[in-house]
Every structure is written in C-alpha cells, then in structure tokens.
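Now for the letters of each chain:
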Amino acid sequence: MTFTQEEKEQFMREALVEAQKAADYGEVPIGAVIVKDKQIIARSFNARERHQKATHHAEIRVIDQANEHVENWRLLDCALFVTIEPCVMCSGAISLSRIPAVYFGATNPKFGGAVSLYQILEDERLNHRLQVEQGILADDCAQIMQKFFKNRRKK
C-alpha cells in the first residue's frame, strides 16, 4: 500500500486528533490510527493513567481495535500512523501483528524502538520487517508533546 504525501499528512492529522484527546485526559499526547484500503479502521490514544494499565499505549490499543475490525490478529494489509516513534514494547507488538508499514511523526530519543535507540521494526534478525517512515508532520507531533510537558512542569 502506497500513499501520497497528502494522504500521509491527512492520516497523521487524524492521529494528532487522537493525541489531543490523550492530552485532554491528562495523558501523554500520543495518538494513532490504522489504515486499510486507504480508510481508517481503528483509532486510539494513550490511556495509561485513565485505565491504570501500563500497556495502554496508543499503538497497543489501536492494534487491538484493528484486530477486532478485521477479525484477525494479522494486520497484513494495514498501515499504522502514530504521532511519536513507537517504544520497544509497541515496536514488538507492531511486528507481531504483521503490520507492513509504520509512519510516525517525531522521534522518541529516550524510548524509541523504531529508529532512535533500537531498530526493531527493520531488524534483519527478526522474521518480520516492515517499512518505516519518519517525519510526517514532525513539528506538529513534537509540538503537542512539548506543550504537554511544559504545562505539566508548571503544575
């Protein structure tokens, strides 16, 4: 599945809508959508504080929704758009779900599992490698995080 730059930005804007929902709940503002046949089939945001579950990252939650939508654990014909580079846990889940492509906005220098600290999604030692593209609306994705943490420090 290939996307034009306009389509990539459109789907990332939808992930940013989800990130804003997370921020509104006081969560770290990360949002994600999964696309199949150029249609969004699942959307979610971080909800660790809200649900008091360590694994409730946007990527994990959106994968669960997409699995239900397609009635299969394999998300072979899908693409994930997420505002921030997936962490190690999420990179593992993405790989295990067989998503073939991940597009993200800003890098995650402290926890990144896709390009910053580790390259799990493209590691040739693993049996599933996927396409990774970074920098989609990177400034917007970084800005929502910066604003969130700036406000948190004020409190």
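Residues numbered from 1 in each chain as written. Predicted model: local features only at pLDDT ≥ 70, side-chain atom pairs only at ≥ 80, totals over all residues. Heavy atoms only, no water.

Identification of the protein as tRNA-specific adenosine deaminase from Pseudolactococcus piscium is taken from an unreviewed UniProt entry. Of the protein, the UniProt comment under Catalytic activity (unreviewed entry) reads exactly: "adenosine(34) in tRNA + H2O + H(+) = inosine(34) in tRNA + NH4(+)". The protein has a UniProt comment under Sequence similarities (unreviewed entry) that states "Belongs to the cytidine and deoxycytidylate deaminase family. ADAT2 subfamily." (UniProt positions renumbered as here; feature names shortened; annotations may be inferred.)

So, about the packing of helix H3 (residues 58-70) against helix H4 (residues 88-96). Relative orientation of the contacting elements H3 and H4 amounts to 20°, with a least axis distance of 9 Å. Viewed along their axes, H3 and H4 adopt a mutual orientation that is roughly parallel. The interaxial crossing formed by H3 with H4 has left-handed handedness. Residues Glu 59, Ile 60 and Ile 63 of H3 pack against Met 89, Cys 90, Ala 93 and Ile 94 of H4. (Axes fitted to C-alpha atoms, helices over the stretch in contact; angles between N-to-C directions. Helix = DSSP H or I, 4+ residues; strand = E, 2+ residues; numbered from the N terminus. Parallel < 35°, antiparallel > 145°, perpendicular 65-115°, else oblique. Left-handed = near helix turned anticlockwise from the far one by under 90°. Contact = heavy atoms within 4.5 Å.)

In this section: unusual backbone geometry. A positive phi angle is found at Gln 52, which is not glycine, with a value near 55°. Take Gln 52: its relative accessible area is 61%, and that puts it in the exposed class. Its identity as a non-glycine residue notwithstanding, Leu 137 has a phi of 50°, on the positive side. Mapped onto the fold, Leu 137 is located in the loop between strand E5 (131-134) and helix H5 (138-154). Looking at Leu 137, the relative accessible area reads 17%, which means it is buried. (Buried < 20%, exposed > 50% of the residue type's maximum accessible area, 1.4 Å probe, protein only.)

Turning next to the pattern of salt bridges. For the coordinates displayed, the defined rule picks out eight salt bridges. Here Glu 14 makes a salt bridge to Arg 43, at a shortest N to O gap of 3.1 Å. Of the two residues, Glu 14 is situated in helix H1 (residues 5-24) and Arg 43 in strand E2 (residues 39-45); the sequence distance between them amounts to 29 residues. A relative accessible area of 27% places Glu 14 in the partly exposed class. Residue class for Arg 43 comes out partly exposed when judged on its relative accessible area of 28%. Measuring nitrogen to oxygen at the nearest pair gives 3.7 Å for the salt bridge that ties Lys 36 to Asp 77. A residue pair is termed long-range when its members are at least 10 positions apart, and Lys 36 in strand E1 (residues 31-36) and Asp 77 in the loop between H3 and strand E3 (78-84) qualify at 41 residues. What makes Lys 36 partly exposed here is its relative accessible area of 22%. Assessed through its relative accessible area of 47%, Asp 77 is described here as partly exposed. If you follow the salt bridges from partner to partner, you end up with Glu 14, Glu 18, Lys 21 and Arg 43 in one network. (Salt bridge = Lys/Arg side-chain N within 4 Å of Asp/Glu carboxyl O.)

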